[in-house]
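Reading the structure
Spelled out, the chains give:
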There are 4 protein chains.
Amino acid sequence: MTVSREIELEGHIIDSGMMQAAFGIVMDMGGSFSVEEFDIGRHKTESSYARLLVEADDEEQLQSIVHELHQNGANPADPKDAKLTPAPGDQVVPTGFYSTTNHPTFIRYEGEWVAVEDVEMDCAVVVEDGDDPRAYTKVLNAVEEGDLIVTGETGIKVEPPERPRDKEGAFGFMQGGVSSERPSVSTIHQIADAIEETKQEGGKVLAVCGPALIHSGAREDLARLVDEGFVDMLSAGNGFAVHDLERDLYGTSLGMDTESLDHPRKGHKHHIYTISEIIRAGGIEPAVDDGLIESGVMYECVTNDVPFVLAGSIRDDGPLPDTITDAVEAQDAIREQAHEADMVLMLSTLLHSVAVGNCLPSTTRVVCVDINPATVTQLLDRGSAQAVGMVTDIGTFVPILAESLLEEA
Amino acid sequence: MTVSREIELEGHIIDSGMMQAAFGIVMDMGGSFSVEEFDIGRHKTESSYARLLVEADDEEQLQSIVHELHQNGANPADPKDAKLTPAPGDQVVPTGFYSTTNHPTFIRYEGEWVAVEDVEMDCAVVVEDGDDPRAYTKVLNAVEEGDLIVTGETGIKVEPPERPRDKEGAFGFMQGGVSSERPSVSTIHQIADAIEETKQEGGKVLAVCGPALIHSGAREDLARLVDEGFVDMLSAGNGFAVHDLERDLYGTSLGMDTESLDHPRKGHKHHIYTISEIIRAGGIEPAVDDGLIESGVMYECVTNDVPFVLAGSIRDDGPLPDTITDAVEAQDAIREQAHEADMVLMLSTLLHSVAVGNCLPSTTRVVCVDINPATVTQLLDRGSAQAVGMVTDIGTFVPILAESLLEEA
Amino acid sequence: MTVSREIELEGHIIDSGMMQAAFGIVMDMGGSFSVEEFDIGRHKTESSYARLLVEADDEEQLQSIVHELHQNGANPADPKDAKLTPAPGDQVVPTGFYSTTNHPTFIRYEGEWVAVEDVEMDCAVVVEDGDDPRAYTKVLNAVEEGDLIVTGETGIKVEPPERPRDKEGAFGFMQGGVSSERPSVSTIHQIADAIEETKQEGGKVLAVCGPALIHSGAREDLARLVDEGFVDMLSAGNGFAVHDLERDLYGTSLGMDTESLDHPRKGHKHHIYTISEIIRAGGIEPAVDDGLIESGVMYECVTNDVPFVLAGSIRDDGPLPDTITDAVEAQDAIREQAHEADMVLMLSTLLHSVAVGNCLPSTTRVVCVDINPATVTQLLDRGSAQAVGMVTDIGTFVPILAESLLEEA
Amino acid sequence: MTVSREIELEGHIIDSGMMQAAFGIVMDMGGSFSVEEFDIGRHKTESSYARLLVEADDEEQLQSIVHELHQNGANPADPKDAKLTPAPGDQVVPTGFYSTTNHPTFIRYEGEWVAVEDVEMDCAVVVEDGDDPRAYTKVLNAVEEGDLIVTGETGIKVEPPERPRDKEGAFGFMQGGVSSERPSVSTIHQIADAIEETKQEGGKVLAVCGPALIHSGAREDLARLVDEGFVDMLSAGNGFAVHDLERDLYGTSLGMDTESLDHPRKGHKHHIYTISEIIRAGGIEPAVDDGLIESGVMYECVTNDVPFVLAGSIRDDGPLPDTITDAVEAQDAIREQAHEADMVLMLSTLLHSVAVGNCLPSTTRVVCVDINPATVTQLLDRGSAQAVGMVTDIGTFVPILAESLLEEA
């Protein structure tokens, strides 16, 4: 046996997203609904009206659906009064107190909607009865014993602001972007799972890498991931390869020993010496074949037949013989990789990530990692359906990812 | 006389936002519509169907509405073939060529929908006819004379990814956040207009200010705005007032002369000397009355009866006698200001802006300015209906704002 | 008639920088000195000793030099007792009180050096006499009437930490970097002065520009600077030129109207249409000659014979026919510009600024402007002798610079 | 038997730091020296002169010391000609080629110093002989077979720019700041070693923590560090404790499950419910004693008798009964902790870190971790002698630190 209740939506319920939100809430919370009436305003200025019959399995479920709908601006056709409970002590709210949003709010009191004064977030609502009943917010530490506090979920109406359809001009409804304050290790584990899934489905993983990955000490772990088959293609620039090779030849990256953190004298010359050695050898593959290069990401690419594209740029030293110096030619090579990839890891490079991103359909899985939130924001702004952005340190990201993948493997 | 066309929407058209987008497009582009059929899936897994009759004033308007609807996943009930035009030269596309999105795309060719291969953004679509017609993307510099290029707006179908209703887990549809790459001066002018509007409506403007405003040399311009009546209330901390007063007493802010950029010896002691002088005087107002303080933001507040709240924090030196050291007491003072404000300018302070923001209803106009995108992102994440965030330099923002406001005044 | 005093330095006075600091202080403050004794430790572990005779014009000057030397670890050969003054009231320090550093500090009291307990910054020092005299810090608000407070500048010894010569390992003396909290408008005025000076000396100014300059609405002001002869050469990429031309052809930059801040429909296609139009015209110069392009930075470069280099990159759309797609060829063109330049403005582009910076001798004047502190830090890390870095908004920087230069002109 | 050579320094050798650098080089490279002559300029405009006799164990060591001295502006009293070697092939430099700095450079050729033309970094120097010999730079890819390339370390003179003693005005010698591109895991290991060392010496470790630590999923690892005795004192704010307790009570932090990354409905209310529950219990310790709180950082503090200070701020919700709301009182509590600490970990909080840092002597070991480079820069700007700053993700830093410490333990 089901229970049901009629709910009304009014206003610009379609283009404000209110109706979309309402349908979502009912379905997510396990209820169902039928649209009993639906009048659509056909012009910008006309408002719309919908009446839904919401059904649930029991009264408790129905109440929490209806509460959630209120929070999003839908109102029951026949509202009930809010429940009031006296505060048991100073600064102590009754269990189940209603905690406010920052939107205009109304409390149903003796059959009338009373506007809550001084609305602000995370407060309790106190009702003062009498001839001219009032409702207002109180922060927790201002609550006094005996205050009549709104509890439970009935008799409360909230009016969230309508999101304007068009953002014209500077002002408008704005939303935050990518934050660094998300659970890092758990997110990395989910990325590891997605890589495994991609591989199990026979998909290909493309790693797009910037030189910061080497400087920050993640080279050995990325090399292991290449060696173990978790990276099918590599896209990078001249600098990435130079510093990876420098670490093999001289133990440094940009002149710093990435283990001891020392700066050997002449260390700042190591990258140019490295380029000179590789030019002398005729390129990276010959240098590996000759036994000149014996470790690192490029070494693992060569020995594991993982194809790599080194795209040139105007800031390159050298460049290495393997670097494609013409931008159009390099784009063609990148395009081919991008079209083959089922999952792309963008690792601390804006330039190469944008280049790859430009060639990707919106259906490819994308992981974007950078310490700079602006970079992550820019890279995610392309409408990928399956994307995750992390504002984190590539020097800790890759080791934790590698541990997660290699342990399970 | 109007023209019309039937359009179909299918899938999770409500919770993916497709229907909302479609209604918006028609209304924004000056058309109108009626909903001829509407079947709503009541459960997560059920898809919905809607058929709209779209009306416009003439064929050209109708076509561009229908084109825009396609781009968003709606399809005409009776599609036509795409128009093909040969490229007039190598690397030269025909005028009016169709430039791709990165979503799965189909071209209507001889009555059939042909999937476009290798979809990527900002490309031309080339159709090869023959027994087994193909359509694929070409970047502009790869176009060859004679290639059959899709032009115009008919016979093209695009399938944008559905935005999942719930974001569970790490992966999902992600959107970028606040960017610094927006037109700065134009945005500041619109903010100036909004301040004027607020004042003309009899509203009150609350400025929430961090010490960076003083260090970055914007003190004199803010003082003028207070003096000219554009700021009705000020909310800041001990440090803001100290450095404002230091500039008056010693010509420096945090020890640097904000005009010559010199660091006088002992300059790093000026702030503590300032605090000591103001304590001796008995507070800011007595110091102004005694003629000790003769300029600056605090001076203008005192002489223009602009109420200020200086809220204490654990990083304060001193503090000044005016600073409210108890956080709960300070919150109460801030709350009162926040509730009175019709427009809030949050100027380069995270701490005080969050404190004020916590007390604001979502209907108050908010301007948030900071050089750090993460700060702007965090402050805008509260669902204000009328908000603008700027990632910019407070030291240039305030002077340009002042020029804009004082010129017009 | 001069006065003089003997000062001793002891420890690793050379490699800790103490001696360099001491010499600098005396000379900066208008005194002179002779080195009376000088024993240099020849090995890492040996300490050195120097005795200087410091001379000044009068006792007051001498005292302030000697005080400053103390603060930096030099001590008078015959120290005097510190001056103690009772606090006139609670929380009120005597005028001229000594405000502490955070370094180990000693107070000369009755001929003995007493270590100050609980050293911290910005405090007063209280001395308790008696058989076993003590000295300790008090924050200003803890001072009580009658506390004996150290005032003046004699009888105080400070021991700043030695800066280790080599930074090996993670720990060491660290210094902060570029801050956004500096006086913005004053700094821009000094940059304008330097540009004027460079031009008056017959020097050449090279502007290195990223597309953010256009997006942020600074295009018109930069165009005026080119037209008025303040920019002699331009170095940029394909994107910069495309968005500059897009604004001329369609009124937008990356699809946004930089004045009204509106996003016209199809605006996101404007850049690719722009590229297509310029390819059709045969390049930027022909497009200007044909009257297709009538304003903007590239227009002013063409009409004022300001040479420009557009260096290609793998993220380019198009590219324009003027863009040099080969990185080595582009570097050669950039190198030529860099060697000719006497002053370089690096404006919101990391890629092109690094490329130019790679080719510059350390004697060229450099201005580096970016909203991202990491970019400014990286660009200044090349040891230019005459450099200024600003963490600011390019969209406000260029207008204020232009106003400053064009007003004076 | 030792070998020796005379070296001259001329110019503002003290205040430019040249002499300090020279002494350091000789000692670091295992040589020794005596000062044979030393004339100090006593005024700003006078230049100084020093002649050193540098001694080394063998000719090879002597040569590399002398080379390093040249690079820093010191010159041998009797210079030799540079060694020239023909390039063995196009784009191939001879082994041991001299790679340039960006400073003015001179090559000793047939007894004369020839200025190198077009100086730029990381190039080879080519000498053209003939009546009027020239020296100029070539990038590696421009080298042609047979070019006479400067190799080895003799006959090369470099003039680094003098660092002006005073930074007045905007322009000057600037140095970069804290970079995120340093080896992350190796740095964390060195921090773990320093913590162990501090503990073994009987020292105390103070952890200063921001709420981002909890949101980013590092709570469990920090709790283990407290439990295992690596943290002796905790300094934080109300928000840190609230979100730590919220995770215990509701499994979320700011409403997000930090393991599954899901957002349960009503999750955004969990923090205010948590505060309400702890107020009801009478504080954190009673809540632990009652069995209400069973895990987390605060739980471990209570059960392991680790003293904690929760300092209030104006952005607090609640606050918890344990939070000290008066800023001056809170500072006193923080001051006591700071004075007791031998090592301070500043973990992703600017506010609390500045508050603690204000009370620290410059001799306390400091570790500062934040994702925002500006925060790290600001915190390190206090002249600690033993400090390390990391621009990294607190959510990966703490787990790697814990693994490193707990493994060894």
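Residues numbered from 1 in each chain as written. Chains lettered and ligands numbered in written order. Predicted model: local features only at pLDDT ≥ 70, side-chain atom pairs only at ≥ 80, totals over all residues. Heavy atoms only, no water.

Details of the relation of the copies chain A and chain C
You can overlay chain A on chain C at an RMSD of 0.1 Å; the transform is a turn of 180 degrees with a shift of 0.0 Å along its axis. Taken together, these values place the two copies in the relation of a two-fold axis. Among all residues of chain A, the minimum C-alpha distance to the rotation axis is found for Asp326(A), at 2.0 Å. The overlap is high: 100% of the interface residues of chain A also sit at the interface in chain C, so the same surface is used on both sides. (Least-squares fit on C-alpha atoms with pLDDT ≥ 70 in both. Contact = heavy atoms within 4.5 Å.)

A word on the domain arrangement of chain A
The figure often quoted for interface size is the accessible area lost as the parts come together. Its domain assignment divides chain A into domain 1 (1-77), domain 2 (79-162) and domain 3 (177-408). For domain 1 of chain A versus domain 3 of chain A, the separation of C-alpha centres amounts to 48 Å. (Domains from an automatic or database assignment.)

Some details on the layout of surface pockets
Empty space left among the atoms is revealed by rolling a probe the size of a water molecule over them. By volume, the second largest pocket is sized at about 670 Å³. Around the second largest pocket, the lining is made up of 29 residues, and of these Pro399(B), Ile400(B), Glu403(B), Ile400(C) and Glu403(C) lie nearest the centre. Looking at the lining of the second largest pocket, the elements that each hand over two or more residues are helix H3 (184-200), helix H5 (219-227) and helix H13 (394-408) of chain B together with helix H3 (184-200) and helix H13 (394-408) of chain C. A per-element tally of the lining of the second largest pocket places H13(B) first, with 7 residues. (1 Å grid on protein atoms, 1.4 Å probe; cavity = no way out; pocket = protein on both sides within 12 Å on 5 of 7 lines; lining within 4 Å. Points joined across faces, edges and corners; volume = space filled by probe spheres on them. Helix = DSSP H or I, 4+ residues; strand = E, 2+ residues; numbered from the N terminus.)

What to know about the interface of chain A and chain C
With 29 residues of chain A in contact, the opposing surface of chain C contributes 29 residues. When chain A packs against chain C, the two sides together hide about 2300 Å² of surface, and 55% of this comes from carbon and sulfur. Summed over the three residues of chain A that lose the most area to chain C, namely Ile314(A), Arg315(A) and Leu351(A), the buried surface amounts to 31% of that side. Seen at the junction of chain A and chain C, the total is 0 salt bridges. Across the chain A-chain C interface, the total number found is 10 residue pairs in polar contact (both at pLDDT 80 or more). Among the secondary structure elements, those contributing two or more residues to the side of chain A that touches chain C are helix H10 (327-340) and helix H11 (350-358) of chain A. (Buried area = accessible area lost by both parts, 1.4 Å probe. Salt bridge = Lys/Arg side-chain N within 4 Å of Asp/Glu carboxyl O. Polar contact = N/O pair within 3.5 Å; in protein donor to acceptor, adjacent residues only side chain to side chain.)

Describing the pairing of strand S18 (residues 365-370) of chain C
Residue and element names in this part refer to chain C. With respect to burial, S18 is a largely interior element, 6 of its 6 residues being buried. On S18, burial covers both faces: Arg 365, Val 367 and Val 369 on one face and Val 366, Cys 368 and Asp 370 on the other are all buried. As defined by bridge partners, strand S17 (residues 343-347) adjoins S18 across 5 bridges and the pair is classed as parallel. Paired with Val 344 across the bridge in S18 is Val 366. (Buried < 20%, exposed > 50% of the residue type's maximum accessible area, 1.4 Å probe, protein only. Pairing = 2+ DSSP bridges.)

Some words on the packing of aromatic side chains
Applying the stated criterion to the full structure yields 12 aromatic pairs over all chains. Here the aromatic rings of Tyr273(B) and Phe97(C) are separated by 5.8 Å at their centres, their planes lie at 75 degrees, and the arrangement is edge-to-face. Residue Tyr273(B) is found in helix H7 (residues 270-281), and its partner Phe97(C) is found in the loop between strand S5 (83-86) and strand S6 (105-109); the two belong to separate chains. Plain terms: the ring middles of Tyr250(D) and Tyr273(D) are 6.3 Å apart, the flat faces sit at 50 degrees to each other, and that makes the pair tilted. Pair noted here: Tyr250(D) is in helix H6 (residues 238-250) and Tyr273(D) is in helix H7 (residues 270-281), with a separation of 23 residues, a long-range link. Members of the aromatic cluster, joined through ring pairs, are Phe97(A), Tyr250(D) and Tyr273(D). In this arrangement the basic side chain of Lys157(A) is found over the ring face of Phe106(A), its NZ or CZ atom lying 5.4 Å from the centre. (Phe/Tyr/Trp six-rings, centres within 6.5 Å; stacked < 30°, edge-to-face > 60°. Lys NZ or Arg CZ within 6 Å of the ring centre and 35° of its normal.)

Describing the sheet that holds strand S3 (residues 48-56) of chain C
Strands sit in the order S2-S3-S1-S4 (chain C) across an open sheet of 4 strands; the sheet is antiparallel. Both edges of this open sheet fall to strand S2 (32-39) and strand S4 (75-76) of chain C, since each of them pairs with a single strand only.

Things to note about the pattern of salt bridges
Counted according to the given criterion, the structure contains 68 salt bridges over all chains. Note that Arg224(B) is salt-bridged to Asp221(B), the shortest N-O span being 2.7 Å. Of the two residues, Arg224(B) and Asp221(B) are both situated in helix H5; the distance of 3 residues between them amounts to about one turn of the helix. Among the residues examined, Asp221(B) registers a relative accessible area of 15% and is labelled buried. Where salt bridges share partners, they join Arg219(A), Glu220(A), Asp244(A), Arg247(A), Asp257(A) and Glu259(A) into one cluster.

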